[in-house]
Amino acid sequence: MLAAYACDPAVSRGRRFAQTPAPGRTEYQRDRDRIVHCSAFRRLVYKTQVFLNHEGDLFRTRLTHSLEVAQLGRSMARSLGLNEDLVEAIALAHDLGHTPFGHAGQDAVNDCMAPFGGFEHNLQSLRVVDQLEERYPQFDGLNLTFETREGILKHCSRVHAKELEAGEPGGVGQRFLLGGQPSLEAQLCNLADEIAYNAHDIDDGVRSGLITMEQLQQVALFDDFRRQALTEFEHLQDAAAGRRLLYDSIRRMLSAQVDDVIRATRSALQQAAPRSADEVRQMPALVQFGEEMKLNSQGLKHFLLHQLYRHPRVLHTTGQARQMLRSLFNGYLAHPQQMQPRFVARFDALHGASGGPTAAARVIADYIAGMTDRFATREHERLMKLDLLIEPSGSAGGAR
Ligand code: MG
């Protein structure tokens, strides 16, 4: 069933530590299973996507977001003859490195780590599966295949790519230095990610009351489908049917985007005619929207950025979250023994060693990035009570 350009687990570039094949499972199924069973995956349920975890039980979290990306990705992969198991593995792992409190959290940790090489969440997802999970007697991390790791590392700065390349020549950092593409399965996950959050952020945004159906009528991509739904089901005009109208519009929008990606990608594949997954890596990106859908999708993103992500209420809570992570970071830097014992041990081992403070600061970033929203909040309260945090004055709102 796999197309010639799909990733084939039988010819995987393999794992960093050789392991005997598992009976009855392909290497990518095995990767997917390892991801589902790791502790970073379970923590995704208490990590913010846009709305903080405590704001309501129905909002997306990183976990439900990842499941939606996997569903959309698998669906498109099947139509395109790509490897569904690989897509699922990448989708479920793609946000493992996210800090608590969504993008605000990532910005805060990045600011704190500026003197120590910065912080990138994609690179952190790779660190989780390569180094931070402690589940196997013989190695750190989950020892995933090259193809899954390649997909997890969606973006990477040149500086970090050089570091990766030094430790793993010709490995997952190389394409960021030479300008290649990842597998089609990885490309597909990136687009599935975008389709998923654009759709669920509309839903969560309306649920929260921060955006309204009236505002959404400015968004061409959404409004076309809202009109279609109303034409087909007149009773959706009733105010009482508001939620059904919202869902039906989103459902139509999702289907249209999925169909569009399949159509546009199929035609790009016909033109480029790659004969293998490796040829794909030398070509421009082939998984894509058609021209019109691309513009429409950008229009929706622009709307969500201005009306939802930059809504004063969202900025207020994320500003507080950012401040909380900053003061936690500085607190641990001054009092590293307040971290959990295994992080204290790593911190102590690194601080005196060749990497010095830079390597030791990375341990704090790993510790904070691994926290859930509620664990970070509780830790912040605990260290405050111990009087170990210095709260910068006049920082309410956490403006940058
Ligand atoms: Mg994502």
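Reading guide: rules and limits
Residues numbered from 1 in each chain as written. Predicted model: local features only at pLDDT ≥ 70, side-chain atom pairs only at ≥ 80, totals over all residues. Heavy atoms only, no water. Helix = DSSP H or I, 4+ residues; strand = E, 2+ residues; numbered from the N terminus. Rg over C-alpha atoms; globule rule 2.2 N^0.38 Å. Buried < 20%, exposed > 50% of the residue type's maximum accessible area, 1.4 Å probe, protein only. Contact = heavy atoms within 4.5 Å. Areas by Shrake-Rupley, 256 points an atom, 1.4 Å probe, with all protein chains shown as cover. Lys, Arg positive; Asp, Glu negative; His and termini not counted. Charge placed at Lys NZ, Arg CZ, Asp CG, Glu CD. Arc of directions from axis to C-beta. Donors = N, O, S within 2.8 Å, 3.2 Å for Na, K, Ca; no water. 1 Å grid on protein atoms, 1.4 Å probe; cavity = no way out; pocket = protein on both sides within 12 Å on 5 of 7 lines; lining within 4 Å. Points joined across faces, edges and corners; volume = space filled by probe spheres on them. Core = buried A, V, L, I, M, F, W, Y, C linked by side-chain atoms within 4.5 Å. Domains from an automatic or database assignment. Phe/Tyr/Trp six-rings, centres within 6.5 Å; stacked < 30°, edge-to-face > 60°. Expected span 1.5 Å × (residues − 1). Nonpolar A, V, L, I, M, F, W, Y, C, P; charged D, E, K, R; others polar. Axes fitted to C-alpha atoms, helices over the stretch in contact; angles between N-to-C directions. Parallel < 35°, antiparallel > 145°, perpendicular 65-115°, else oblique. Left-handed = near helix turned anticlockwise from the far one by under 90°.

This part takes up the overall build of the protein. When you go through the protein residue by residue, the secondary structure sums to 19 helices and zero strands. For 400 residues, the compact-globule estimate of 2.2 N^0.38 gives 21 Å, and the C-alpha radius of gyration of the protein, at 22 Å, lies within 12% of that figure. C-alpha extents for the protein along the principal axes are approximately 65 × 55 × 35 Å. The proportion of buried residues among the 400 residues of the protein is 56%. Taking as baseline every contact in the protein between residues at least 6 positions apart, the subset at least 24 positions apart corresponds to 72%. Accessible area of the protein: about 18500 Å², with a carbon and sulfur share of 53%. The distance from the centre of the 46 positive side-chain charges to the centre of the 49 negative ones in the protein is 2 Å.

Residue placement: Leu177 occurs in helix α9 (residues 174-178). Judged by relative accessible area, which is 22%, Leu177 ranks as partly exposed. For the pair formed by Leu177 and Arg74, sequence separation is 103 residues and the distance between their alpha carbons is 29 Å. Contacts of Leu177, omitting those with residues within four sequence positions, involve Arg158, Ala161, Lys162 and Glu165.

What follows covers helix α17 (residues 341-351). If you check which residues of α17 are buried, you get Phe343, Val344 and Phe347. Projected onto a plane normal to the axis of α17, the buried residues spread over an arc of 105 degrees and lie on a single side. Residues of α17 that are exposed and point over 90 degrees away from its buried face: Pro341 and Ala349. Of the surrounding elements, those touching the buried residues of α17 are α18 (356-369).

Of the protein atoms, only His65 (NE2), His94 (NE2), Asp95 (OD) and Asp193 (OD) coordinate the magnesium ion, at distances of 2.2 to 2.8 Å. Mapped onto the sequence, the residues coordinating the magnesium ion show the spacing H-x28-H-D-x97-D. With His94 in the loop between α4 (84-93) and α5 (102-112) and Asp193 in helix α10 (residues 184-208), this pair connects stretches of sequence that are 99 residues apart.

Rolled over the atoms, a probe as big as a water molecule pinpoints where empty space is left. Applying the stated criterion across every chain, the model contains one cavity of 30 Å³ or more. Of the pockets and cavities examined, the largest cavity occupies roughly 40 Å³. Around the largest cavity, the lining residues are Gly118, Phe119, Glu120, Leu123, Gln124, Arg127, His160 and Arg362. In terms of residue count, the dominant contributor to the lining of the largest cavity is helix α6 (residues 121-132) (three residues).

To continue, consider the nonpolar core. Counting residues in hydrophobic clusters, the biggest one holds 89 residues, and the most contacted among them are Ile35, Leu96, Leu188, Ile202 and Phe222. Among the elements that take part in this core, α10 stands out by supplying 11 residues, more than any other. Each of domain 1 (25-178) and domain 2 (184-312) contributes no fewer than three residues to this core. Excluding residues within four positions of it along the chain, Leu188 makes contact with Gly73, Met76, Ala77, Leu80, Leu82, Val87, Val261 and Val287.

What follows deals with the packing of aromatic side chains. Within the structure shown, the criterion is met by five aromatic pairs. On the numbers, 5.5 Å between centres and 10 degrees between planes, the contact of Phe17 with Phe139 is stacked. Within this pair, whereas Phe17 is found in the segment before α1 (27-37), its partner Phe139 is found in the loop between α6 and α7 (146-152), the two being separated by 122 residues in sequence. By relative accessible area, Phe139 is classed as buried at 6%. Here the aromatic rings of Phe343 and Tyr367 are separated by 4.7 Å at their centres, their planes lie at 45 degrees, and the arrangement is tilted. Of this pair, Phe343 sits in helix α17 while Tyr367 sits in helix α18; the two residues are 24 residues apart in sequence, bridging distant segments of the chain.

Along the chain, Glu279 turns up in helix α14 (residues 277-281). Non-local contacts of Glu279, meaning those with residues more than four positions away in its chain, are made with Ala273 and Pro274.

In an α-helix there are 3.6 residues to a turn, and that puts residues three or four apart on one side. Across its 31 residues, helix α13 (residues 242-272) extends 45 Å between first and last C-alpha, which sits within 8% of the 45 Å expected from 1.5 Å per residue. Just downstream of α13 lies Ala273, where phi reads positive at about 45 degrees.

Bringing the layout of surface pockets into the picture now. Here the largest pocket defines a volume of roughly 760 Å³. Forming the walls of the largest pocket are 34 residues, and the residues nearest its centre are Gln49, Val50, Arg62, His103 and Tyr309. Listing elements by their share of the lining of the largest pocket, those giving two or more residues are α3 (62-80), α4, α5, α6, α7, α10, α15 (291-309) and α16 (312-334). Here the lining of the largest pocket takes five residues from α10, the largest share from any one element. When grouped by side-chain class, the residues that make up the lining of the largest pocket number 13 nonpolar, 13 polar and eight charged.

Let's shift gears to the packing of α4 against α10. Packing of α4 against α10 leaves a shortest axis separation of 9 Å and a crossing angle of 50 degrees. Classed by the angle they form, the pair α4 and α10 counts as oblique. In this structure, the crossing between α4 and α10 has a hand that is right-handed. Residues Leu86, Val87, Ile90 and Ala91 of α4 lie in contact with α10, whose contacting residues are Glu185, Ala186, Leu188 and Cys189. Per-class residue counts for the contact of α4 with α10 are seven nonpolar, no polar and one charged.

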